[in-house]
Amino acid sequence: MAIAFFDLDRTLIAKNSASLWIKSELREGQISTWEALRAGSWLLRYRLGFANMEDAVRRAIGSLEGKEEAPVKQRTHEFYDREIHNLYRPGAHPVLRQHRNAGDELVLLTSSSSYMSEKVSDDLKLDAFLCTSFEVDQNGQYTGRPVEPLCYGEGKLHHAKRYAEARNISLDDCAFYTDSNADIAMLHAVGQPVVVHPDPRLLREAKQQGWEIVDWGGA
């Protein structure tokens, strides 16, 4: 048995769910125009390689301090059903079937929230998901802190390695599919790195390393 790990944004789905979430929260009056612009600028700077998304994620989690978890979870589930469910790249499904038929575990590895991840996992019938989680106190309110480490960059490698080790599986026997240069550590760690619609920095690295580059279609 091996494990096939999959990134979510711009990999399994054709768009960035965080960007769509910001727009949704703005429409519903959950955030101000200024907050939406600030978050959007972070995403743009990250995409262009000028910002560390980990800082933005920590800021976003910090802004939740004192708020109730239940409404955020409910809004995320509704957002998924409304705007994410139909965004899966056509080419993703045959790859998922191929790994499933080979007896591999299918694991979502994403910086997205647990609320989003559980919906994706249920929809695609994945075996597990590794993601960003938020601390919640005994009253069901956010503390404003993430569960460390964040599932981003080196944090993704940490979570994947721990998951694989618990199953006595070497990452050399695993595959990882992603579009982002932020996942470079994880790509170097697995035996089958595959880049899906890569960003410019990852495209250069993939060509230098001789990694497989695939097109799964989608918007």
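Residues numbered from 1 in each chain as written. Predicted model: local features only at pLDDT ≥ 70, side-chain atom pairs only at ≥ 80, totals over all residues. Heavy atoms only, no water.

The next point concerns the packing of aromatic side chains. As enumerated under the stated definition, the model contains 6 aromatic pairs in all. Between Phe6 and Tyr177, the aromatic rings sit 4.8 Å apart at their centres with planes inclined by 5°, giving stacked as the arrangement. Residue Phe6 is located in strand S1 (residues 3–6), and its partner Tyr177 is located in strand S6 (residues 175–178); the two are separated by 171 residues in the primary sequence. For Phe6, a relative accessible area of 0% puts it in the buried group. Grouped by ring-pair contacts, the aromatic residues Phe6, Tyr177 and Trp216 constitute a single cluster. Residue placement shows Arg167 over the ring face of Tyr163; its charged tip is 3.5 Å from the ring centre. (Phe/Tyr/Trp six-rings, centres within 6.5 Å; stacked < 30°, edge-to-face > 60°. Helix = DSSP H or I, 4+ residues; strand = E, 2+ residues; numbered from the N terminus. Buried < 20%, exposed > 50% of the residue type's maximum accessible area, 1.4 Å probe, protein only. Lys NZ or Arg CZ within 6 Å of the ring centre and 35° of its normal.)

Attention now moves to the packing of helix H2 (residues 17–27) against helix H5 (residues 69–84). Running from N to C, H2 and H5 point in directions that differ by 115°, and their axes come no closer than 11 Å. For the element pair H2 / H5, the angle class is roughly perpendicular. Considering only the axes of H2 and H5, their crossing is right-handed. Here Ser17, Leu20, Trp21, Ser24, Glu25 and Arg27 of H2 lie close against H5, whose contacting residues are Val72, Arg75, Thr76, Phe79, Arg82, Glu83 and Ile84. A class-by-class count of the residues in the contact of H2 with H5 yields 5 nonpolar, 3 polar and 5 charged. (Axes fitted to C-alpha atoms, helices over the stretch in contact; angles between N-to-C directions. Parallel < 35°, antiparallel > 145°, perpendicular 65-115°, else oblique. Left-handed = near helix turned anticlockwise from the far one by under 90°. Contact = heavy atoms within 4.5 Å. Nonpolar A, V, L, I, M, F, W, Y, C, P; charged D, E, K, R; others polar.)

All right, on to the side chain of Thr76 then. Among the structural elements, Thr76 can be located in helix H5. Look at Thr76 and you get buried, because its relative accessible area is 4%. Once residues lying within four places of it in the same chain are set aside, the contact partners of Thr76 are Trp21, Ser113, Tyr115 and Met116.

Consider a sheet: its strands pair through backbone hydrogen bonds, and that pairing is either parallel or antiparallel. Sheet architecture is open: 6 strands sit in the order S3-S2-S1-S6-S7-S8, paired in parallel fashion. Either end of the sheet is taken by a strand with one partner, and the two such strands are strand S3 (128–132) and strand S8 (212–214). Taken over all neighbouring pairs, the strand axes of this sheet differ in orientation by 20° on average, direction set aside. (Pairing = 2+ DSSP bridges.)

A separate point is H2. Regarding H2, the residues found buried are Ser17, Leu20, Ile22, Ser24 and Glu25. If you check the start of H2, you find a side-chain oxygen 2.9 Å away from the backbone N of Ala18, and it comes from Asn16. Trailing H2 by a residue or two, Gly29 shows a phi angle of about 75°, which is positive. (Polar contact = N/O pair within 3.5 Å; in protein donor to acceptor, adjacent residues only side chain to side chain.)

Below, the discussion takes up unusual backbone geometry. Omega for the peptide link from Glu148 to Pro149 comes to -10°, which places this bond in the cis form. Within the secondary structure layout, Pro149 lies in the loop between strand S5 (142–146) and helix H8 (154–166). Despite not being glycine, Asn168 shows a phi value in the positive range, around 55°. Of note, the phi angle at His197 is positive, near 45°, even though the residue is not glycine. Among the secondary structure elements, His197 is positioned in the loop between strand S7 (192–196) and helix H10 (200–209). Here His197 falls in the partly exposed class, since its relative accessible area comes to 24%.

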